[in-house]
Structure formats: structure tokens, C-alpha cells
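One-letter residues, chain by chain:
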Amino acid sequence: MDENHLENKTENREKLNIKVEIAKLDDWEKIRDLRIEAFSGPDAKMFGITEENKSKRIEKLESMKREDWKKTLIGYYGEVFGVLASINSEPVGIGLVEK
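Residues numbered from 1 in each chain as written. Predicted model: local features only at pLDDT ≥ 70, side-chain atom pairs only at ≥ 80, totals over all residues. Heavy atoms only, no water.

Student: In this structure, what is going on with the pairing of strand β1 (residues 18–22)? I would like to understand it.
Tutor: Working note: regular strand, side chains alternate between the two faces of the sheet. Within β1, only zero of the five residues are buried, which leaves it mostly out in the open. Note that β1 and strand β2 (residues 80–87) share five bridges and pair antiparallel. Directly across from E21, in β2, lies its bridge partner L84. (Buried < 20%, exposed > 50% of the residue type's maximum accessible area, 1.4 Å probe, protein only. Helix = DSSP H or I, 4+ residues; strand = E, 2+ residues; numbered from the N terminus. Pairing = 2+ DSSP bridges.)

Student: Help me understand helix α4 (residues 66–74), please; the structure alone is not making it clear to me.
Tutor: Residues separated by three or four positions in an α-helix point in the same direction, a consequence of the helix having 3.6 residues per turn. For α4, the full list of buried residues reads W69, K70 and L73. Across the axial projection of α4, the buried residues extend over an arc of 100°, all falling on one side. For α4, the elements touching its buried residues are α2 (28–40), α3 (54–63) and β2. Phi turns positive one or two residues past the end of α4, at G75, with a value near 90°. (Arc of directions from axis to C-beta. Contact = heavy atoms within 4.5 Å.)

Student: Explain the nonpolar core here, please?
Tutor: Side chains that are nonpolar tend, in soluble globular proteins, to be buried together. Among the nonpolar cores identified, the biggest contains 13 residues, and A23, I31, F39, L61, W69, L73 and L84 are the most heavily contacted of them. Every element with two or more residues in this core is listed here: α2, α3 and α4. For this core, the element with the most residues is α2, which contributes five residues. Excluding anything up to four places from it in sequence, I31 contacts A23, W69, L73, V83, L84 and I94. (Core = buried A, V, L, I, M, F, W, Y, C linked by side-chain atoms within 4.5 Å.)

Student: Before we go on, may I ask you to explain the environment of K70 in this structure?
Tutor: The topology assignment puts K70 in helix α4. When the C-alpha positions of K70 and K24 are compared, they lie 8.6 Å apart, and in sequence the two are 46 residues distant.

Student: Looking at this structure, how should I read the sheet that holds β2?
Tutor: Hydrogen bonding along the main chain pairs the strands of a sheet, whether they run parallel or antiparallel. Sheet architecture is open: three strands sit in the order β1-β2-β3, paired in antiparallel fashion. The open sheet is flanked by β1 and β3 (90–98), the only strands paired with a single partner. Strand-to-strand twist across the sheet, computed as the mean angle between neighbouring axes with direction ignored, equals 20°. Set on the sheet, α2 makes contact with β2 and β3; between it and β3 the angle comes to about 95°. (Axes fitted to C-alpha atoms, helices over the stretch in contact; angles between N-to-C directions.)

Written out as C-alpha cells, the structure is:
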């Protein structure tokens, strides 16, 4: 492949500042909002959400207290912890990582 061809492709690409970091306890609201958005969105079925259970699952998330959300970030016995992904400082994804 022509080297100039590759240079032209990369010159036109948008540069994104992508970060994946261990979630801090203060990130609980971002985590909550992203989880509710995921359960409400078009890809909700990837989380086991169906039209039959969607309302109940979202209500459960909305009823969780701040301390409950923080516990999900701390993990179980320190073996699991939350991560927060962001693009240009905008939260875009969450996950749990096992040590």
C-alpha cells in the first residue's frame, strides 16, 4: 500500500481524547446516569432489558441511594472495581473489572 495514501487517511481523522479510568466514589452520579441511559436506550436488550421489564429495572436504578451506587464502585471484597470511560471529558461508558 502506498505510504502517502495512509498519511492522507490519518490527516483527516478527528483526534479524540479517550480515557478509561478507575471510577472514583465521586463518580457515582455519572455511573448512575450512564446505566439508566443504557437501560433506556435502543441497545437495552444487551443488558437483558425487555419491554416487559424495562420500567421496573429503571425504577430500581432510580431508587438506589448514593451509598448503594458507591458500593457498586468499590466492588465485592476488593476484587471487582468500576471503570469510567470518557471522550473529551464527557462520560460515555462504564464497566466492572475483575482484578
